[in-house]
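Spelled out, the chains give:
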Amino acid sequence: MIPIRNTAEIAKMRAAGKALIEVFETVEPLVKPGITTLEINAEIEKKIISLGATAPCKGYCGYPAAACISVDDVVVHGIPSLKVLTEGEIVSIDIVLKLNGYHADATRTYAVGRISPEKQRLIDVTKRCFYNGVEKIRAGARLGDLQHAIQMTAELAGYGVVRAMTGHGIGREMHEDPSIENYGRAGTGPILREGMCLAVEPMITMGDWNVEISRLDGWTCRTTDGLPAAHYENTVLVTANGAEILTE
Ligand code: MF3
Ligand code: CO
């Protein structure tokens, strides 16, 4: 069942979204060659707490940190570490916060210093996947409409759509119904209703879409071919005639 949020809940979702925007505003200027992903994570956690919110990723199924920080061929769930960011890398920072009982979830992929035009195009197309998907959202549309738009945008650009990870409903829990694959057929799937909240998050690969999870830490999700991936995510509210993006 996909939850429908009432007016009071929507106000709380908006507040959580706003707080998460503030977290990203703090983080973005830190993304420079020389910083470790652990240092970035510490600033994220500090900011979340200063806003009176919590970081529900920490402790989720044993996940050890407030944020997921994924470099180059790491698609998602990179664990913050002593790894130093280096010029030319791309880094996806995925943050969830919980404020007043409601969650917001967003991801940005940043360039570390100067990056290749190939990597910049991957970042740009991934963002476009998100917008082309969200453009399909309105009450009465089908979930498959947005999934198909995301897939077409990625594949027409020559990129892969990760299959092993999906977007999700969001609200009182970090992950709620529905599961939102970044591929699918238009005109299929559940009908979207006003008041649903969705975390739409295309994860797009420069090469093949196959991924594998690290056997060492059980989290780090890398492309099998070692080529880079990008990720763009926002928490979105379904409205009568469109979508309200709560995290940008
Ligand atoms: N932000 C991720 C998502 O989009 C969840 C991270 S998994 C966790 O669903 F373990 F870090 F929480
Ligand atoms: Co998410």
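Nothing here was measured: the structure is a model prediction, and the numbers come from that model.

1. What about helix α2 (residues 37-50)?
Its 14 residues place the ends of α2 20 Å apart at the C-alpha level, agreeing with the 20 Å of an ideal helix rising 1.5 Å per residue. Restricting attention to buried positions, one finds in α2 the residues Thr37, Ile40, Asn41, Ile44 and Ile48. Looking straight down α2, one finds its buried side chains confined to an arc of 100°; they lie on one side. Away from its buried face, by an angle of more than 90 degrees, α2 presents the exposed residues Lys46, Ile49 and Ser50. Tucked inside the fold, the buried residues of α2 contact α1 (7-27), β1 (67-71) and β3 (90-99). Just downstream of α2, Gly52 is the residue with a positive phi angle, here 75°.

2. Let's talk about the coordination of the cobalt ion (ligand 2)
Listed as protein donors to the cobalt ion (ligand 2) are Asp105 (OD), His168 (NE2), Glu201 (OE) and Glu233 (OE); their distances from the metal cover 2.1 to 2.2 Å. Between the donor residues of the cobalt ion (ligand 2), the gaps in sequence give the motif D-x62-H-x32-E-x31-E. One end of the pair, Glu201, is in the loop between β8 (197-200) and β9 (203-205); the other, Glu233, is in the loop between β12 (229-231) and β13 (234-239), and 32 residues separate them in sequence.

3. A closer look at the packing of aromatic side chains
Evaluated as defined, the whole model comprises 4 aromatic pairs. Centroid distance Tyr63 to Trp219: 4.9 Å. Interplanar angle 80°. Geometry classified as edge-to-face. One end of the pair, Tyr63, is in the loop between α2 and β1; the other, Trp219, is in the loop between β10 (211-213) and β11 (221-223), and 156 residues separate them in sequence. You can call Trp219 buried: its relative accessible area is 18%.

4. Focus on the environment of Thr153
Tracing the backbone through its elements, the reader meets Thr153 in helix α4 (residues 143-156). When its relative accessible area of 9% is taken as the criterion, Thr153 is described as buried. Sequence separation of Thr153 and Pro33 is 120 residues, and the distance between their C-alpha atoms is 31 Å. Engagement of the side chain of Thr153 in a polar contact is seen with the side chain of Asn132, the distance being 2.9 Å.

5. What about the site of ligand 1?
Close to ligand 1 lie 14 residues; Cys57, Asp94, Asp105, His175 and Glu201 are nearest. The side chain of Asp105 places a nitrogen or oxygen atom 2.9 Å from an oxygen atom of ligand 1. Within the side chain of His168, one N or O atom sits 3.2 Å away from an oxygen atom of ligand 1. Relative to its free-state accessible area of 330 Å², ligand 1 is covered by the protein chains to the extent of 96%. Looking at the shell around ligand 1, its residues break down into 7 nonpolar, 3 polar and 4 charged.

6. Describing the packing of helix α3 (residues 117-134) against α4
Here α3 crosses α4 at 155°, and the two axes come no closer than 8 Å. Relative to α4, the element α3 lies roughly antiparallel. Crossing of α3 against α4: the hand is right-handed. Residues Val125, Arg128, Cys129, Asn132 and Gly133 of α3 lie in contact with α4, whose contacting residues are Leu146, Ala149, Ile150, Thr153 and Ala154.

7. Notes on α1
For α1, with 21 residues, the first-to-last C-alpha span of 31 Å sits near the 30 Å given by 1.5 Å per residue. Here α1 has its buried residues at Glu9, Ile10, Met13, Ala16, Gly17, Ala19, Leu20, Val23, Phe24 and Val27. Each element contacted by the buried residues of α1 is listed here: α2, β3, β4 (102-111), β8 and β13. The N-cap residue of α1 is Asn6: its side-chain oxygen and the backbone nitrogen of Ala8 are 3.1 Å apart.

8. What to know about the pattern of salt bridges
Under the definition given, this model contains 11 salt bridges. The partner of Arg163 in a salt bridge is Glu155, with the nearest N and O atoms 3.9 Å apart. Among the charged side chains, a network of salt bridges with common partners joins Arg5, Glu9 and Glu176.

Conventions and cut-offs
Every chain is numbered independently, its residues counted from 1 as its sequence is written. A letter from A marks each chain and a number from 1 marks each ligand, given out in the order of writing. Local features in this predicted model are restricted to residues of pLDDT 70 or higher, and side-chain atom pairs are both shown and tallied only at a pLDDT of 80 or more, whereas totals for entire chains, interfaces and linings draw on every residue. The side-chain numbers reported here are obtained from all heavy atoms of the structure, hydrogens and water having been left aside. Strands are runs of DSSP state E lasting at least 2 residues, helices are runs of H or I lasting at least 4, and numbering of each runs from the N terminus. Helix span, expected: 1.5 Å multiplied by one less than the number of residues in the helix. Working definition: with a 1.4 Å probe on protein chains only, accessible area under 20% of the residue-type maximum means buried, over 50% means exposed, and in between means partly exposed. Along the arc lie the directions from the helix axis toward the C-beta atoms. Whether two residues touch is decided by their heavy atoms; if any such pair falls within 4.5 Å, the residues are in contact. Metal donors: N, O and S atoms at distances within 2.8 Å, or within 3.2 Å for Na, K and Ca, with water omitted from the atom set so that some sites may seem incomplete. The pairing test for Phe, Tyr and Trp rings, Trp by its six-membered ring, is centres within 6.5 Å, and the orientation test on the planes gives stacked under 30 degrees, edge-to-face over 60, and tilted for anything in between. Under the rule applied, a polar contact is a pair of N or O atoms within 3.5 Å (in protein, one hydrogen donor and one hydrogen acceptor; residues adjacent in sequence only if both atoms are side-chain atoms). The rule for a residue being near a molecule or strand is that one of its heavy atoms must lie within 4 Å of it. Residue-level accessible areas treat just the shown protein chains as cover; the underlying method is Shrake-Rupley with a 1.4 Å probe. For this classification, the nonpolar set comprises Ala, Val, Leu, Ile, Met, Phe, Trp, Tyr, Cys and Pro, the charged set comprises Asp, Glu, Lys and Arg, and every other residue, Gly included, is treated as polar. Every axis corresponds to a line fitted to the C-alpha atoms, with the helix fit spanning only the stretch in contact, and the corresponding angles, defined between N-to-C directions, vary from 0 to 180 degrees. Oblique is the label for any angle not under 35 degrees, not over 145, and not in the 65 to 115 range, which are roughly parallel, roughly antiparallel and roughly perpendicular in turn. Helix crossings get a hand from a simple test, with the near helix turned counterclockwise from the far one by less than a right angle marking a left-handed crossing and a clockwise turn marking a right-handed one. A pairing counts as a salt bridge when a side-chain nitrogen of Lys or Arg comes within 4 Å of a carboxyl oxygen of Asp or Glu.

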